[in-house]
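# What the coordinates show
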Amino acid sequence: MLPDLPPLPALTRAEGELIDRYLEAVDLLGRINPARPGDTYGGLRAAQALVRKAAELRDALALMHRRGETELHGDTLARALRVLDGERRAARVALPPDGAG
């Protein structure tokens, strides 16, 4: 049985898009991280996909700006990232602990 997760905070549709696109880009960066084991082909594929995800991330931010959502509410967005396992996903972008490679 899975543990109960805290509820996702209330987000605008544009904020939800921003969070989704951000986490997708983070996942791809984690696959590209040269300090992690893997193969060059997988990294190449992730890098190619990252170009598209970066454009989608840019578009999500542009949509927020056009809609008048000019401020990022960091506490709320951080809660959403935590609920969506953002800490674990972002950790793959960082250098692994020495000797854990």
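Residues numbered from 1 in each chain as written. Predicted model: local features only at pLDDT ≥ 70, side-chain atom pairs only at ≥ 80, totals over all residues. Heavy atoms only, no water.

## Some remarks on the nonpolar core
Note the cut-off: In these notes, a set of buried Ala, Val, Leu, Ile, Met, Phe, Trp, Tyr and Cys residues joined through side-chain atoms within 4.5 Å is what counts as a nonpolar core. Whether a residue is buried, partly exposed or exposed follows from its accessible area with a 1.4 Å probe, protein chains only, as a fraction of its type maximum: under 20%, in between, or over 50%, in that order. The helix and strand labels rest on DSSP assignments: H or I over at least four residues marks a helix, E over at least two residues marks a strand, and numbering proceeds from the N terminus. Pairs of residues are marked as contacts when any of their non-hydrogen atoms sit within 4.5 Å.
In terms of nonpolar packing, the biggest core is built from 9 residues, these being Ala14, Leu18, Ile19, Leu23, Leu57, Ala60, Met64, Leu77 and Ala80. Considering every element that reaches this core, the biggest residue donor is helix 1 (residues 13-32), with 4 residues. Non-local contacts of Leu23, meaning those with residues more than four positions away in its chain, are made with Leu81, Leu84, Gly86 and Arg89. Formed by 5 residues, the second largest nonpolar core is a distinct cluster that contains Leu28, Ala46, Ala49 and Leu50.

## Quick notes on the pattern of salt bridges
Where we set the bar: Salt-bridge detection follows one rule: a side-chain nitrogen of Lys or Arg within 4 Å of a carboxyl oxygen of Asp or Glu.
The final tally for this structure, using the stated rule, is 9 salt bridges. The salt bridge involving Glu24 is made with Lys53; its shortest N-O contact spans 3.1 Å. With Glu24 in helix 1 and Lys53 in helix 2 (residues 40-66), this pair connects stretches of sequence that are 29 residues apart. Given the relative accessible area of 24%, Glu24 is considered partly exposed. Across the salt bridge formed by Asp59 and Arg58, the nearest N and O atoms sit 2.9 Å from each other. With relative accessibility at 40%, the residue Asp59 sits in the partly exposed group. Where salt bridges share partners, they join Glu17, Arg21, Glu24, Lys53 and Glu56 into one cluster.

## Quick word on helix 2
Condition: To estimate how far a helix should reach, multiply one less than its number of residues by 1.5 Å. Between N or O atoms, a polar contact is any pair within 3.5 Å; within protein, one atom must be a potential hydrogen donor and the other a potential acceptor, and residues adjacent in sequence are included only when both atoms are from side chains.
With 27 residues, helix 2 ought to run about 39 Å at 1.5 Å a step, and its terminal C-alpha atoms sit 39 Å apart, in line with that. Along helix 2, the residues classified as buried are Gly43, Ala46, Ala49, Leu50, Lys53, Leu57, Ala60 and Met64. Tucked inside the fold, the buried residues of helix 2 contact helix 1. In this structure Asp39 caps helix 2, since a side-chain oxygen of it lies 3.1 Å from the backbone nitrogen of Tyr41.

## Section: the environment of Arg79
Counting through the fold element by element, Arg79 comes out in helix 3 (residues 74-83). A relative accessible area of 44% means that Arg79 is categorised as partly exposed.

## Quick word on the packing of helix 1 against helix 3
For clarity, the threshold we go by: With axes taken as lines fitted to C-alpha atoms, and helix axes fitted only over the stretch in contact, angles between N-to-C directions fall between 0 and 180 degrees. Angular relationships are summarised with four words: roughly parallel below 35 degrees, roughly antiparallel beyond 145, roughly perpendicular across 65 to 115, and oblique for the angles in between. Crossing chirality is assigned from the near helix's rotation relative to the far helix, an anticlockwise turn below a right angle marking it left-handed and a clockwise turn marking it right-handed. Here the nonpolar group is Ala, Val, Leu, Ile, Met, Phe, Trp, Tyr, Cys and Pro; Asp, Glu, Lys and Arg are the charged ones; every other residue, Gly included, is treated as polar.
With their axes 11 Å apart at the nearest point, helix 1 and helix 3 run at an angle of 50 degrees to one another. If you check the angle between helix 1 and helix 3, you find them oblique. For the element pair helix 1 and helix 3, the recorded crossing hand is right-handed. Mapping the contact onto sequence places Glu15, Leu18, Ile19, Tyr22 and Leu23 in helix 1 and Leu77, Ala80 and Leu81 in helix 3. Residue composition of the contact of helix 1 with helix 3, by class: 7 nonpolar, no polar and 1 charged.

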